[in-house]
Amino acid sequence: MNVLRRWPQVLWLTVVHVLLWGTVSVKIVVGGLLVAVVVTALFPLPLLPRLPVRPWRLLRLLGFLVMDLVVSGAQVAWETLRYGPRARAGIVAVPLLTRSDRVITLIAGALSLAPGSFVLQIDRRGFDAGEARWYVYALGLRGPDDADRVRRQVLSLQRKVIGAFGSPGELRDCEEVGS
Amino acid sequence: MIRDVVCAVLLLVGALSCLLGALGLVRLPDLPARLQAATKPQTLGLVLILVGTAVRLEFENAATLVLVIGFQVVTAPVISQIVARSAYRTGTLDRENLVVDELAGRMDRDAG
């Protein structure tokens, strides 16, 4: 059965249902399970091979994202208070290190979560020639040095996400690029 | 007592983060810069306020707040990105204000 093969989706929907009710009881869990099965059967998502997840690296990534949220928040606040209308920004091109749709989505989300920067455009053409690029908008740039700093930060975040979710081959490739 | 202090600190810092975001919305020069201030500090502010609230609640009521945080964190970046992209293409982004614009070269090559 397809619903059985989509058990992670069923599990996730059941958890959401239980969290919404706020209490754990047999009635609510079974009810949530039923709703989850019906929803999964009616609106099936495409079945894809599961991404490899490395829990320790994922935990470190989450820790980094929380830190980043606070630190970048302070930076944007400083930029607002110190420069205000004279704040400068820039768009920086950064090499794209993965070809997986889902990993790209995760990286884009992680990049855009913290204040101060987000992904404007992703250009995946010429991946094999190493020409695929992220175009990242960053607030608070002053000169070319800052652009290089943003480039390094984005590359390191990419490595962190690929480290947590990337295929073993990609993990090897991006560590080579880094060294 | 300690709970009250933790809760108060979290709520105040969260509110401060939202306030700074609102200030940025008024003070920053163009749309994408304002978007940074409009979407991101609110995420942090909301997370802090909800955690502060959760400290004071019983566990079962606090569980729902986890969902709110999760969905906020997942959806906010997506929206800001879509708005920013259209801002660049429609010219609401003040290009004079950019220190570097490495996307411009690529766009011109595509157009030519």
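Thresholds, definitions, all that
- Sequence order sets the numbering: in each chain, residues are counted from 1 along the sequence as written.
- Here every chain gets a letter starting at A, and every ligand a number starting at 1, in the order they are written.
- It should be noted that, the model being predicted, local features are given only for residues of pLDDT at least 70 and side-chain atom pairs only at 80 or more, the latter also being counted only at that level, while totals for whole chains, interfaces and linings use all residues.
- Computation of side-chain values: all heavy atoms of the structure, hydrogens and water removed.
- In what follows, a contact means two residues having at least one pair of non-hydrogen atoms within 4.5 Å.
- Criterion for a salt bridge: a side-chain nitrogen of Lys or Arg within 4 Å of a carboxyl oxygen of Asp or Glu.
- A run of DSSP states H or I qualifies as a helix once it reaches four residues; a run of E qualifies as a strand once it reaches two. Both are numbered from the N-terminal end.
- Charged residues are taken to be Asp, Glu, Lys and Arg, nonpolar residues to be Ala, Val, Leu, Ile, Met, Phe, Trp, Tyr, Cys and Pro, and polar residues to be all remaining types, Gly included.
- A pair of strands is treated as paired once DSSP finds two or more bridges between them.
- By disulfide we mean two sulfur atoms from cysteines, separated by a distance within 2.5 Å.
- Only protein chains enter the accessibility calculation, which uses a 1.4 Å probe; a residue is then buried when its area is under 20% of its type maximum, exposed when over 50%, and partly exposed in between.
- To obtain each axis, a line is fitted to C-alpha atoms, and for helices this fit is confined to the stretch in contact; angles are then taken between N-to-C directions over 0 to 180 degrees.
- To sort the angles, those under 35 degrees are grouped as roughly parallel, those over 145 as roughly antiparallel, those from 65 to 115 as roughly perpendicular, and the leftovers as oblique.
- Note that domain bounds follow an automatic or database assignment of domains.
- By convention a nonpolar core is built from buried Ala, Val, Leu, Ile, Met, Phe, Trp, Tyr and Cys residues, the set being connected through side-chain atoms within 4.5 Å.

Q: Is there a simple way to explain the interface of chain B and chain A in this structure?
A: Reports of interface size often rely on the accessible area that becomes lost once the parts have come together. With 39 residues of chain B in contact, the opposing surface of chain A contributes 44 residues. Inspection of the region where chain B meets chain A yields zero salt bridges. Elements supplying a minimum of two residues to the side of chain B that touches chain A: helix 1 (2-27), helix 2 (31-56), helix 3 (59-90), strand 1 (98-101) and helix 4 (102-111) of chain B. With 13 residues, the single largest contributor to the side of chain B that touches chain A is helix 3 of chain B. When its residues are assigned to classes, the side of chain B that touches chain A shows 21 nonpolar, seven polar and 11 charged. As paired elements, strand 1 (residues 89-95) of chain A and strand 1 of chain B share two bridges and run parallel to each other. Across the sheet, Ala89 of chain A pairs through a bridge with Leu98 of chain B, a residue of strand 1 of chain B.

Q: I tried to follow the state of the cysteines on my own but got confused; where do I start?
A: A covalent bond between the sulfur atoms of two cysteines is what we call a disulfide. Residues and elements named next belong to chain B. For the structure on display, the rule yields zero disulfides over all chains. Unpaired in terms of disulfides, Cys7 finds its nearest cysteine sulfur in Cys18, a separation of 15 Å. Relative accessible area serves as the criterion here: at 24%, Cys18 is assigned to the partly exposed category.

Q: What am I meant to see in the packing of helix 2 of chain B against helix 3 of chain B here?
A: When two helices pack together, their arrangement is given by the angle between the helix axes and by the axis-to-axis distance. Residue and element names in this part refer to chain B. Two elements in contact, helix 2 and helix 3, have axes separated by 10 Å at closest approach and are oriented at 180°. By the angle class used here, helix 2 and helix 3 are roughly antiparallel. Within the contact between the two elements, helix 2 uses Leu31, Leu35, Thr39, Lys40, Thr43, Leu46, Val47, Leu50, Val51, Thr53 and Ala54 and helix 3 uses Ala62, Leu65, Val68, Ile69, Gln72, Val73, Ala76, Ser80, Val83, Ala84 and Ala87. In terms of residue class, the contact of helix 2 with helix 3 is built from 16 nonpolar, five polar and one charged.

Q: Teacher, can you tell me more about the domain arrangement of chain A here?
A: Along its sequence, chain A is carved into domain 1 (2-42) and domain 2 (55-178). On a C-alpha basis, the centroid separation for the pair domain 1 of chain A and domain 2 of chain A is 35 Å.

Q: Help me out: how do you make sense of the nonpolar core in this one?
A: Nonpolar side chains in soluble globular proteins tend to be buried together. Ranked by internal contacts, the top residues of the largest apolar core, which has 30 residues, are Leu111, Trp134 and Val161 of chain A. Listing elements by their share of this core, those giving two or more residues are helix 4 (55-82), strand 1, helix 5 (101-113), strand 3 (133-139), helix 6 (144-165) and helix 7 (168-178) of chain A. Ranked by size, the runner-up nonpolar core spans 21 residues in total, among them Val76 of chain A together with Leu35, Tyr88 and Ala104 of chain B.

Q: For this particular structure, what's the right way to read the pattern of salt bridges?
A: Opposite charge on two side chains makes pairing possible when the charged atoms of those side chains draw close. Residue and element names in this part refer to chain A. For the coordinates displayed, the defined rule picks out seven salt bridges over all chains. Salt-bridge contacts for Arg99 lead to Asp128; the nearest nitrogen and oxygen are separated by 2.6 Å. Taken as a pair, Arg99 in the loop between strand 1 and helix 5 and Asp128 in the loop between strand 2 (117-123) and strand 3 lie far apart in primary sequence, 29 residues in all. We classify Arg99 as partly exposed; its relative accessible area is 46%.

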